[in-house]
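# What the coordinates show
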Amino acid sequence: MIRIDHLSKWYGDVQVLDDCCMSLDKGDVAVLCGPAGAGKSTFIKTINGIEAFQRGEITVGARTLQPGRRAAPEHRVSVGVVLQGVQLFSHLTILQNLDLAQTQVLHRSRDEASFRSRALLGRVGLRAVEAKFPHELSRAQQECAGIVRSLVLDPEVMLFDDPTAGLEAEQVGSVLGILAELAQEGMTMLVVTHEYDFARSVADRVLFMAGGRILDDRPPEQFFDAARRKHARMQGFLAQTLVH
Ligand SMILES: Nc1ncnc2c1ncn2[C@@H]1O[C@H](COP(=O)(O)OP(=O)(O)OP(=O)(O)O)[C@@H](O)[C@H]1O
């Protein structure tokens, strides 16, 4: 479903992704963790096609992205991405935000788009705020609306960059709950997070990235076991970031 082959990327002279390989089958959920500056956000943006890359290949379904080529719009639609920070347009209501990409990118009619938007807003408990502007919502509600804005485009795979960053502890659960539901429904997902309870209960695999390289990729129990017992470097990192 999604395969990353020997992906390398440089910003100028600085290499930020170094020979990264991974693949996800349909319905797989992988958590990606690692220290600040490891390259996690860059990895997500490169897979989605926001960022160019210089070596390797990215395959999603039947489409393969080559170095130096712009990602086709169909690629960007099939790979939904929820980046850090609020990405909603502040001058549009939540419903208008959700309808916009559908009418512009997928050329759905306004009615068709709103029908889809409302159905998904209802599923995440946000139907009542469809006429509000982003600043009138809590941070968690904004995050959930941002997730819905990707989902309305019916992506084949979803990438999340630290979706609970900056949320109050009591709001984290509502966002992770939506991700867990999506996983249960069979959505293929790559989630940058340090919420290890989520990784343990929802993910099929945990990937560890440092210095632009994917250094580990295995099922959660094995990952946390190995991290505790063997890898001093990772153990230090886990100890610093462990969420109880
Ligand atoms: N647009 C850019 N131009 C130049 N360098 C960049 C750019 N974006 C990121 N970098 C650098 O690339 C490296 C990887 O950054 P990235 O944000 O991908 O790491 P990260 O693992 O997501 O970190 P964090 O957990 O802090 O978000 C860092 O050294 C960063 O400074």
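From a predicted model like this one, the values you see are computed outputs, not experimental measurements. (Residues numbered from 1 in each chain as written. Predicted model: local features only at pLDDT ≥ 70, side-chain atom pairs only at ≥ 80, totals over all residues. Heavy atoms only, no water.)

Where strand β1 (residues 2-11) lies against strand β2 (residues 14-24), seven bridges are found, and the strand directions are antiparallel. Paired with Arg-3 across the strands is Ser-23, a residue of β2. Connecting β1 to the next strand, β2, in antiparallel fashion are two residues, including Gly-12 with a positive phi near 60°. As defined by bridge partners, β1 adjoins strand β4 (residues 55-60) across five bridges and the pair is classed as antiparallel. Directly across from Ile-4, in β4, lies its bridge partner Ile-58. (Pairing = 2+ DSSP bridges. Helix = DSSP H or I, 4+ residues; strand = E, 2+ residues; numbered from the N terminus.)

Let us now look at helix α6 (residues 169-184). Given a rise of 1.5 Å per residue, 16 residues ought to cover 22 Å, and the 23 Å separating the end C-alpha atoms of α6 matches this to within 8%. Restricting attention to buried positions, one finds in α6 the residues Gln-171, Val-172, Val-175, Leu-176, Ile-178, Leu-179, Leu-182 and Ala-183. Seen along its axis, α6 keeps its buried residues to an arc of 145°; they face one direction. Within α6, the exposed residues directed more than 90 degrees away from the buried face are Glu-170 and Gln-184. (Expected span 1.5 Å × (residues − 1). Buried < 20%, exposed > 50% of the residue type's maximum accessible area, 1.4 Å probe, protein only. Arc of directions from axis to C-beta.)

Attention now goes to unusual backbone geometry. In the Ramachandran plot, Asp-19 falls in the positive-phi region, its phi being about 55° despite a non-glycine side chain. Despite not being glycine, Asp-154 shows a phi value in the positive range, around 55°. We classify Asp-154 as partly exposed; its relative accessible area is 39%.

Take the state of the cysteines next. In total, this model carries zero disulfides according to the counting rule given. Cysteine Cys-20 is unpaired, with the sulfur of Cys-21 as its nearest cysteine sulfur at 7.6 Å. On the accessibility criterion, Cys-20 (0% relative accessible area) is buried. (Disulfide = S-S within 2.5 Å.)

This part takes up the site of the ligand. Near the ligand the following residues occur: Tyr-11, Val-16, Pro-35, Ala-36, Gly-37, Ala-38, Gly-39, Lys-40, Ser-41, Thr-42 and Gln-84. One of the side-chain nitrogen or oxygen atoms of Ser-41 is found 2.7 Å away from an oxygen atom of the ligand. One nitrogen or oxygen atom from the side chain of Thr-42 is found 2.5 Å from an oxygen atom belonging to the ligand. With three residues, helix α1 (residues 40-48) is the single largest residue contributor to the shell around the ligand. (Near = heavy atom within 4 Å. Polar contact = N/O pair within 3.5 Å; in protein donor to acceptor, adjacent residues only side chain to side chain.)

Further remarks concern the pairing of strand β6 (residues 79-82). Of the two faces of β6, the one holding Val-79 and Val-81 and the one holding Gly-80 and Val-82 are both buried throughout. Two elements, β6 and strand β7 (residues 157-161), share four bridges in a ladder whose sense is parallel. Pairing of Gly-80 across the sheet is with Met-158, part of β7.

Moving on, we get to helix α8 (residues 220-229). Looking at α8, one finds that the buried residues are Pro-220, Phe-223, Phe-224, Ala-226 and Ala-227. Taken down its axis, α8 places every buried residue within 165° of arc, on the same side. Among the exposed residues of α8, those pointing more than 90 degrees away from its buried face are Glu-221 and Arg-229.

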